[in-house]
Amino acid sequence: DRGLDQPIVLRPYSDPANPKLKYKIVAGHRRHVAFQYNKATTIPAFIRTDLNDLAAHLLNFRENLHRVNLNIKQEAHALKYFLNFKKPGSERYLFTETELADIFKQSRGWVQNRKNLLKLPDDIQDEAAAGILNSDQINTLSRMTGNREELYAAVKKIKERRLKGEKVSLK
């Protein structure tokens, strides 16, 4: 009924496989889908010609962090792009954990926790995404580098105790 509260953000884009494609959505994917669902033929948009890939990723992740339904695994994998981004022509990373925390208005611990989650196997990351593992448990598990069986046994212990409503400490 109200229409769109905030225009989507686009940047120029070309794809040789699809020459009709002229823009790429940077922010507003869900708004765009809603417009398509409502069979709208146009959507208000800002076209940003000043965005390189890094700036587009920053803008997109900032917007997505405000979504309530992102889980820790989604946040970690989005953050991975910035954790691995190297200065052009260098082997040094562009961002420190502290800088990323400042950029995304989060604590350094928030960044470290997601970085630690990325060290864990994908199926254990899924357990964190489902809310089975808390931040302390993720950090402790990420330091268990020796034995995969020990790691999986610890996760199993956490799940079993959590289902019983018991608190679990791995320390």
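For the structure itself, look to the data block above.
Okay, so let's go over this structure.

**What to know about the overall build of the protein chain**
Scanning the protein chain for helices and strands turns up 8 helices and 3 strands. Taken from the N to the C terminus, the helices and strands of the protein chain come in the order β-β-α-β-α-α-α-α-α-α-α. Dimensions of the protein chain, computed from C-alpha atoms along their principal axes, come out at roughly 55 × 45 × 35 Å. A separation of at least 24 residues holds for 54% of the contacts in the protein chain among residues at least 6 apart in sequence. If you sum the accessible surface of the protein chain, you get close to 11,600 Å²; carbon and sulfur atoms cover 50% of it. Distance between charge centres in the protein chain, computed from 31 positive and 20 negative side chains, equals 2 Å.

**Points about the sheet that holds strand β2 (residues 23–27)**
Pairing is mixed across the open sheet formed by 3 strands, whose spatial order is β2-β1-β3. At either end of the open sheet lies a strand with only one pairing partner, and these are β2 and β3 (45–47). If you compare each strand with its neighbour and ignore which way they point, the axes differ by 35 degrees on average. Sheet analysis places strand β1 (residues 8–12) next to β3, joined by 3 bridges and oriented parallel. The residue of β3 that forms the bridge with Ile8 is Ala45. Sheet strands in contact with helix α2 (residues 53–65) are β1 and β2, and its direction is about 45 degrees off that of β2.

**Brief notes about the packing of aromatic side chains**
Inspection of every chain in the model, using the stated rule, returns 6 aromatic pairs. Geometrically, the ring pair formed by Phe82 and Phe104 is tilted, given 5.4 Å between the ring centres and 55 degrees between the ring planes. Note that Phe82 is positioned in helix α3 (residues 72–83) and Phe104 in the loop between α4 (97–103) and α5 (108–117), a separation of 22 residues in sequence. Taken together, Phe61, Tyr81, Phe82, Phe85, Phe95 and Phe104 form an aromatic cluster joined through their ring pairs.

**Thoughts on the pattern of salt bridges**
Pairing of side chains with opposite charge becomes possible as their charged atoms draw close. Under the defined criterion, the tally for this structure stands at 11 salt bridges. Among the salt bridges present, the one from Lys86 reaches Glu91, with a minimum N-O distance of 3.0 Å. Judged by its relative accessible area of 31%, Lys86 is partly exposed.

**Concerning the packing of α3 against α5**
Look at α3 against α5: their axes get within 9 Å of each other, and the N-to-C directions meet at 95 degrees. Compared by their axis directions, α3 and α5 come out roughly perpendicular. Facing α3, whose interface residues are Ile72, Lys73, Glu75, Ala76, Leu79 and Leu83, α5 presents Trp110, Val111, Asn113, Arg114, Lys115 and Leu117. Grouping the constituent residues of the contact of α3 with α5 by class yields 7 nonpolar, 1 polar and 4 charged.

Reading guide: rules and limits
- Residues numbered from 1 in each chain as written.
- Predicted model: local features only at pLDDT ≥ 70, side-chain atom pairs only at ≥ 80, totals over all residues.
- Heavy atoms only, no water.
- Helix = DSSP H or I, 4+ residues; strand = E, 2+ residues; numbered from the N terminus.
- Contact = heavy atoms within 4.5 Å.
- Areas by Shrake-Rupley, 256 points an atom, 1.4 Å probe, with all protein chains shown as cover.
- Lys, Arg positive; Asp, Glu negative; His and termini not counted.
- Charge placed at Lys NZ, Arg CZ, Asp CG, Glu CD.
- Pairing = 2+ DSSP bridges.
- Axes fitted to C-alpha atoms, helices over the stretch in contact; angles between N-to-C directions.
- Phe/Tyr/Trp six-rings, centres within 6.5 Å; stacked < 30°, edge-to-face > 60°.
- Salt bridge = Lys/Arg side-chain N within 4 Å of Asp/Glu carboxyl O.
- Buried < 20%, exposed > 50% of the residue type's maximum accessible area, 1.4 Å probe, protein only.
- Parallel < 35°, antiparallel > 145°, perpendicular 65-115°, else oblique.
- Nonpolar A, V, L, I, M, F, W, Y, C, P; charged D, E, K, R; others polar.

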